[in-house]
Amino acid sequence: MLLKQAKEDIEYILVNEQEIENRIKEIADELNAYYKDEEVIAVCILKGSVPFYWDLIKRLSFPVKFDFMCVSSYGASTVSTGEIKILKDLVVDIKGKNVLVVEDILDSGNTLYSLKKIFSERSPKDVKICTLLDKPDRRVKDIEADFLGFKIEDKFVVGYGLDYDEKYRQLPYIGVLKESVYTK
Ligand code: PRP
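This report concerns the structure included in the present document.

## Some points on the overall build of the protein chain
Scanning the protein chain from terminus to terminus reveals five helices and nine strands. Counted from the first residue to the last, the protein chain has its helices and strands arranged as α-β-α-β-α-β-β-β-α-β-β-β-β-α. Since a compact globule built from 184 residues should have a radius of gyration of about 16 Å, the 16 Å found for the protein chain is in line with a globular shape. Reported as C-alpha extents along the three principal axes, the dimensions of the protein chain are approximately 50 × 40 × 25 Å. The buried share among the 184 residues of the protein chain stands at 46%. Long-range contacts, defined here as pairs at least 24 residues apart, represent 66% of the contacts in the protein chain between residues at least 6 apart. Accessible area of the protein chain: about 10,000 Å², with a carbon and sulfur share of 49%. Side-chain charges in the protein chain split into 28 positive and 33 negative, and the spacing between the mean points of these groups amounts to 3 Å.

Dropping the structure here:
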């Protein structure tokens, strides 16, 4: 049984469960070819990346260490500076390690641009970004994903971890939210 409210609020399904699964298998193949037998610290950026993180990690053939980071942007009510605040930092020391940042979406790029900078200052061996979705039309920072699932249009998407007001994260697909829901 899926979230009942979705029937009313979702305009259409943009990427269905099967398409997500198929694409994740392809990304995993790319990552397996890239890292070979090297150990990697896979960083899940909370909270939206949780479903993608596990569905991806379980298909990786090289050794992976888990870690989690939670960030928020500064100045939500005023003009955003584009900087981020760390709400929960990593536990592991990434010095000299391969770091794979796993994100649900690359939008303005503020989050991943800042995270890449923060991680790079900790002297890792390598930092790569893997994101399921990319909305290139919204980009304000010069940042690209190294491994990407889908490039999408500038639509309000929810599901598979993505939320509106903390809702819809539990949907197994990525859907476009009806405009009437967020302009209420
Ligand atoms: C979302 C998403 C990315 C970020 C992308 O996180 O998970 O982290 O926004 O946007 P940007 O490229 O414009 O920075 P959000 O802050 O909504 O937190 P959540 O993952 O808990 O939903």
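From this point on, the discussion continues.
## Section: the state of the cysteines
Per the counting criterion, the structure on display carries zero disulfides. For cysteine 44, which is in no disulfide, the shortest distance to another cysteine sulfur is to cysteine 70 and amounts to 9.6 Å. Here cysteine 130 is not disulfide-linked; the sulfur of cysteine 44 is the nearest cysteine sulfur, at 11 Å.

## Some thoughts on the site of the ligand
Taken together, 13 residues are adjacent to the ligand, and Glu103, Asp104, Ser108, Gly109 and Thr111 come closest. Within the side chain of serine 108, one N or O atom sits 2.5 Å away from an oxygen atom of the ligand. The contact in question runs from an oxygen atom of the ligand to an N or O atom on the side chain of aspartate 163, over 3.2 Å. Against a free-state accessible area of 500 Å², the protein chains account for coverage of 75% of the ligand. A majority-of-atoms criterion places the ligand in the largest pocket. Residue contributions to the shell around the ligand peak at three residues, all from strand β5 (residues 98-106). Tallied by class, residues from the shell around the ligand come to two nonpolar, five polar and six charged.

## Thoughts on the layout of surface pockets
Its boundaries defined by the atoms lining it, the largest pocket holds a volume of some 930 Å³. Ser73, Ile105, Asp107, Thr111 and Asp163 are the residues nearest the centre of the largest pocket, which is lined by 31 residues in total. Of the residues that constitute the lining of the largest pocket, the class distribution is twelve nonpolar, ten polar and nine charged. Approximately 150 Å³ is the volume found for the second largest pocket.

## Focus: helix α3 (residues 50-57)
Within the sequence span of α3, burial applies to Phe52, Tyr53, Leu56 and Ile57. In an axial view of α3, the angular spread of the buried residues amounts to 115 degrees, which keeps them on one side of the axis. Against α2 (17-35), β2 (40-46), β3 (64-73), β5 and β6 (126-134) lie the buried residues of α3.

Parameters at a glance
- Starting afresh in each chain, residues are numbered from 1 along the sequence in its written order.
- Totals for whole chains, interfaces and linings use all residues, but because this is a predicted model, local features are given only for residues with pLDDT of at least 70 and pairs of side-chain atoms are given and counted only at 80 or more.
- Hydrogens and water are ignored here; the side-chain numbers use all heavy atoms of the structure.
- Each helix corresponds to a stretch of at least 4 residues labelled H or I by DSSP, and each strand to a stretch of at least 2 residues labelled E; elements are numbered beginning at the N terminus.
- Here the globule rule reads 2.2 Å times residues to the power 0.38, and the radius of gyration is calculated from C-alpha atoms.
- Buried, partly exposed and exposed residues are distinguished by accessible area as a fraction of the type maximum, computed with a 1.4 Å probe on protein chains only: under 20%, between the cut-offs, and over 50%, respectively.
- For this analysis, residues touch if any pair of their heavy atoms sits within 4.5 Å.
- In these tables, accessible area is a Shrake-Rupley quantity obtained with a 1.4 Å probe, and a residue counts as shielded only by the protein chains included in the view.
- Charge convention: Lys and Arg are scored as positive, Asp and Glu as negative, and His as well as the terminal groups of each chain are ignored.
- For this purpose, a charge sits on NZ of Lys, CZ of Arg, CG of Asp or CD of Glu.
- Our working definition of a disulfide is a cysteine sulfur pair at a distance within 2.5 Å.
- We call a residue near a molecule or strand as soon as one heavy atom of that residue lies within 4 Å of the molecule or strand.
- Think of a polar contact as two N or O atoms within 3.5 Å of one another; within protein, one of them needs to be a possible hydrogen donor and the other a possible acceptor, and neighboring residues in sequence only count if both atoms come from side chains.
- The distinction between a cavity and a pocket rests on a 1 Å grid over the protein atoms alone: a 1.4 Å probe fits inside a cavity but cannot get out, while a pocket stays open yet meets protein on both sides within 12 Å along at least five of seven lines, and a residue with an atom within 4 Å of a point counts as lining.
- Being in a pocket or cavity means that more than half of the molecule's atoms lie within 2 Å of its grid points.
- Basically, the charged four are Asp, Glu, Lys and Arg, the nonpolar ten are Ala, Val, Leu, Ile, Met, Phe, Trp, Tyr, Cys and Pro, and anything else, Gly included, counts as polar.
- Grid points are joined across faces, edges and corners, and a volume is the space filled by probe spheres set on the points.
- Working note: the arc is built from the helix axis to C-beta atom directions.

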